[in-house]
Amino acid sequence: MNNNADKIIKIDGVDVPFKDGQTIMDAALAADIYIPHLCHKPGLSPHGSCKLCTVDVNGRPASSCTMPASEGQEIANNTPALNEVRKSITQMLFIEGNHLCPSCEKTGDCTLQAIGYHLGMLDGHFPQFYPRREVDASHGSLVLDRDRCIMCELCVRASRECDGKNVFTISGRGTNRHLIVNSDSGKLVDSDIELEDMAAHICPVGAILIKDHGYEVPIGRRTFDIHSVAETDLDDVILTKVRHHDE
Amino acid sequence: MSKVRVGTTSLGGCFGCHMSFLDMDERIVGLMEHVEFTRSPINDIKHCEPCDIGLIEGALCNADNVHVLKEFRENCKIIIAVGACAINGGVPAMRNHFSLQECLEEAFLDEIGVDNPHIPNNKELPLLLSKVHPIHEVVKVDYYLPGCPPPADAFVKVLTDLLEGKEPSLPKEMLHYD
């Protein structure tokens, strides 16, 4: 009975059409409006955990990846106040792990780093945690470096929802949260993950890396060395790590 | 008009930021019309005199690093944390995964090819900190210049802004953490 095409939300004053069932993030992505996000990927169930996509909906903060779009919403997204909060969130993500970009294979292709650039983050601001976390290099083709894990659970969801497996989950609470592997030994080599799985490629940071391909594209010519995260199709960044636009 | 006095130092770093600073090449001639260096590895002056700007490269790895940093903070009107190590510990902070004892044993006792294995203990050597820290955890930092190293253009931009009495800023293309 409704004409879906006529339904509209306003994001920063711009009319954005949506269909019933879409979230604010879905509608924004379809309209090429960038809302910073780390734990969201179209096609996977929304998670709402990183909070970077927080927008003001009629004056109230909400995660745009989980908030259904509905008629009459006036949404503030790209505002100095929201971006300052997003920068603080990004700084907390940096200092809670061991994000030492110069020594990371993922540098230049890392969405966390790119969001730091996008928001103009210059320092970590908060005292560094320097947590001690386990590296799992047992698998022949993959490395799991928990130092860089931001608990976005993209790999958890990709494994369950796309690969039809259940390789990863999060264990522990608070600052003790960490990614664990579903195998008897707890090691990646004994799990049923394969190189072709989406879970092996979806990590937005350098926590799950493909062995032997880390430096095929030199530092300085990688995705976010050339593009801003706001103008980049995030699907391409995550899934085509070893390919490059000028190759 | 008197020149703006600039001091620089490398704490627990690799001097890469200083190398990148010198990558400004002939632009340093123009800069030197407005700037003079006090303590710096560039002129080998060992102590910090009162100055306007202090560029600090490197993380805090030993007691001497802390001493030098405090001397800079006491003498400089503006402190700029330069490079990944000064800002978040950088590569030196990778030793924070291990105890200091483990690091010393690996480097001086167990490493393949070590001759006359013993852990150095000369009183001339500064004591190592148990963990590596970024400099903002010990002194107030006024500005941050990220990069490993920051590009020469970024040094020129930040110093030019300060000389012109502006708040230093970086265009997006000069902002990177690697």
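Residues numbered from 1 in each chain as written. Chains lettered and ligands numbered in written order. Predicted model: local features only at pLDDT ≥ 70, side-chain atom pairs only at ≥ 80, totals over all residues. Heavy atoms only, no water.

**Topic: the nonpolar core**
Point 1. With 46 residues, the main nonpolar core has Leu38, Leu112, Phe168, Leu179, Leu188 and Ile193 of chain A as its most contacted residues.
Point 2. A domain-level breakdown of this core finds at least three residues from each of domain 1 (8–78) and domain 2 (83–239) of chain A.
Point 3. When sequence neighbours within four positions are dropped, the list of residues in contact with Leu179 of chain A reads Leu144, Arg146, Cys149, Met151, Cys155, Val156, Phe168, Thr169 and Ile170 of chain A.
Point 4. By size, the runner-up hydrophobic cluster in this structure holds 20 residues, among which are Phe21, Met24, Ile53 and Leu162 of chain B. (Core = buried A, V, L, I, M, F, W, Y, C linked by side-chain atoms within 4.5 Å. Buried < 20%, exposed > 50% of the residue type's maximum accessible area, 1.4 Å probe, protein only. Domains from an automatic or database assignment. Contact = heavy atoms within 4.5 Å.)

**Things to note about the interface of chain B and chain A**
Point 1. Listed per partner, the contact involves 26 residues of chain B and 28 residues of chain A.
Point 2. Carbon and sulfur atoms make up 58% of the area that chain B and chain A hide from each other, which totals about 2000 Å².
Point 3. It is His97, Tyr177 and Asp178 of chain B in chain B that bury the most area against chain A; as a group they hold 37% of the surface buried on that side.
Point 4. In this assembly, chain B and chain A are joined by one salt bridge.
Point 5. Across the pair Glu102 of chain B and Arg132 of chain A runs a salt bridge, and its minimum N-O distance is 4.0 Å.
Point 6. Taken together, the links from chain B to chain A amount to nine residue pairs in polar contact (both at pLDDT 80 or more).
Point 7. The set of elements that each furnish at least two residues to the side of chain B that touches chain A consists of α4 (83–88) and β6 (128–133) of chain B. (Buried area = accessible area lost by both parts, 1.4 Å probe. Salt bridge = Lys/Arg side-chain N within 4 Å of Asp/Glu carboxyl O. Polar contact = N/O pair within 3.5 Å; in protein donor to acceptor, adjacent residues only side chain to side chain. Helix = DSSP H or I, 4+ residues; strand = E, 2+ residues; numbered from the N terminus.)

**Observations regarding a nonpolar patch on the surface**
Point 1. A cluster of nonpolar residues, Met19, Leu22 and Ile42 of chain B, forms a patch on the protein surface that exposes about 260 Å² of accessible area.
Point 2. Relative accessible area serves as the criterion here: at 39%, Ile42 of chain B is assigned to the partly exposed category. (Patch = residues over 30% accessible without salt bridge, like charges linked within 9 Å, V, L, I, M, F, W, Y side chains within 5 Å. Areas by Shrake-Rupley, 256 points an atom, 1.4 Å probe, with all protein chains shown as cover.)

**Describing the packing of helix α2 (residues 80–96) of chain A against helix α3 (residues 111–118) of chain A**
All names here are of chain A.
Point 1. Packing of α2 against α3 leaves a shortest axis separation of 10 Å and a crossing angle of 140°. As the angle between them shows, α2 and α3 are arranged oblique. Taken as a pair, α2 and α3 cross one another with a handedness that is left-handed. Seen from α2, the contacting residues are Thr90, Leu93 and Phe94; seen from α3, they are Leu112, Gln113, Ile115 and Gly116.
Point 2. Residue composition of the contact of α2 with α3, grouped by class: four nonpolar, three polar and no charged. (Axes fitted to C-alpha atoms, helices over the stretch in contact; angles between N-to-C directions. Parallel < 35°, antiparallel > 145°, perpendicular 65-115°, else oblique. Left-handed = near helix turned anticlockwise from the far one by under 90°. Nonpolar A, V, L, I, M, F, W, Y, C, P; charged D, E, K, R; others polar.)

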